[in-house]
Amino acid sequence: TTGASNTEKTVNPSSAVNTTSNVITSNGHGFVDDEQVYYDAGMTGDNSNTVIGGLVSGRTYYVFGKTTNTFKLSESHSSCGDAAAVSLSSGATGTNHTFSSVGIPGKGVAWPREDMSKYDGA
């Protein structure tokens, strides 16, 4: 189903990424728990930006632990909790990293991705 947010959110990793709590800040982002978002590290001029540590540009993640202005990312749905949170690290370049909603899986449906490192096949 459609996600709560239909606009892409652009963040500057140097100010939006908290590597201690693994939280991303985007004021009024509109994402909801279990919504899937597509991450794109973007470009600066003709050069690709360096990704936010722990993420892969071009990959989809689940939102969880969201507040009005912050959210965490996971490779699995929110019932897996903080243990499944992507551990974020610094070093990203560029100021135009984007997160776009891909929607929310239907009731009783999870979209596990076998290529995700934390997926255990269960």
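Quick notes on the rules
- Residues numbered from 1 in each chain as written.
- Predicted model: local features only at pLDDT ≥ 70, side-chain atom pairs only at ≥ 80, totals over all residues.
- Heavy atoms only, no water.
- Pairing = 2+ DSSP bridges.
- Helix = DSSP H or I, 4+ residues; strand = E, 2+ residues; numbered from the N terminus.
- Buried < 20%, exposed > 50% of the residue type's maximum accessible area, 1.4 Å probe, protein only.
- Phe/Tyr/Trp six-rings, centres within 6.5 Å; stacked < 30°, edge-to-face > 60°.

Participant: If you had to explain the sheet that holds strand β7 (residues 60-64) to someone new, which residues and values would you point to?
Facilitator: Hydrogen bonds between backbone atoms are what pair the strands of a sheet, whose relative direction is either parallel or antiparallel. Spatially, β1-β9-β4-β7-β8-β3-β2 is the arrangement adopted by the 7 strands of the open sheet, whose pairing is antiparallel. Either end of the sheet is taken by a strand with one partner, and the two such strands are β1 (9-11) and β2 (17-18). Summarising the sheet, β2 and strand β3 (residues 23-25) pair through 2 bridges and their orientation is antiparallel. Looking across to β3, one finds that Asn-18 is bridged to Val-23.

Participant: I'd like to hear about unusual backbone geometry, residue by residue, with values.
Facilitator: Phi angles above zero are rare outside glycine, and Asn-22 is one such case at about 60 degrees. One can find Asn-22 in the loop between β2 and β3. Owing to a relative accessible area of 16%, Asn-22 belongs among the buried residues under this scheme. In this model, Asp-34 sits at a positive phi of 75 degrees, which is unusual for a non-glycine residue. The residue Asp-34 is located in the loop between β3 and β4 (36-40) in this model. Accessibility expressed as a relative area gives 24% for Asp-34, which makes it partly exposed.

Participant: Provide a residue-level description of the packing of aromatic side chains, including the pertinent values.
Facilitator: Applying the stated criterion to the full structure yields 3 aromatic pairs. Arranged with centres 5.3 Å apart and planes meeting at 90 degrees, the rings of Phe-31 and Phe-71 form a pair that is edge-to-face. In this pair, Phe-31 is assigned in the loop between β3 and β4 and Phe-71 in strand β8 (residues 70-74), connecting sequence segments 40 residues apart. With 5.5 Å between their ring centres and 80 degrees between their planes, Phe-71 and Phe-99 make a pair best called edge-to-face. With Phe-71 in strand β8 and Phe-99 in strand β9 (residues 97-103), the pair connects residues that are 28 residues apart, well separated along the chain. You'll find Phe-71 and Phe-99 in the same group, each marked buried. The rings of Phe-31, Tyr-39, Phe-71 and Phe-99 are connected pair by pair, giving a single aromatic cluster.

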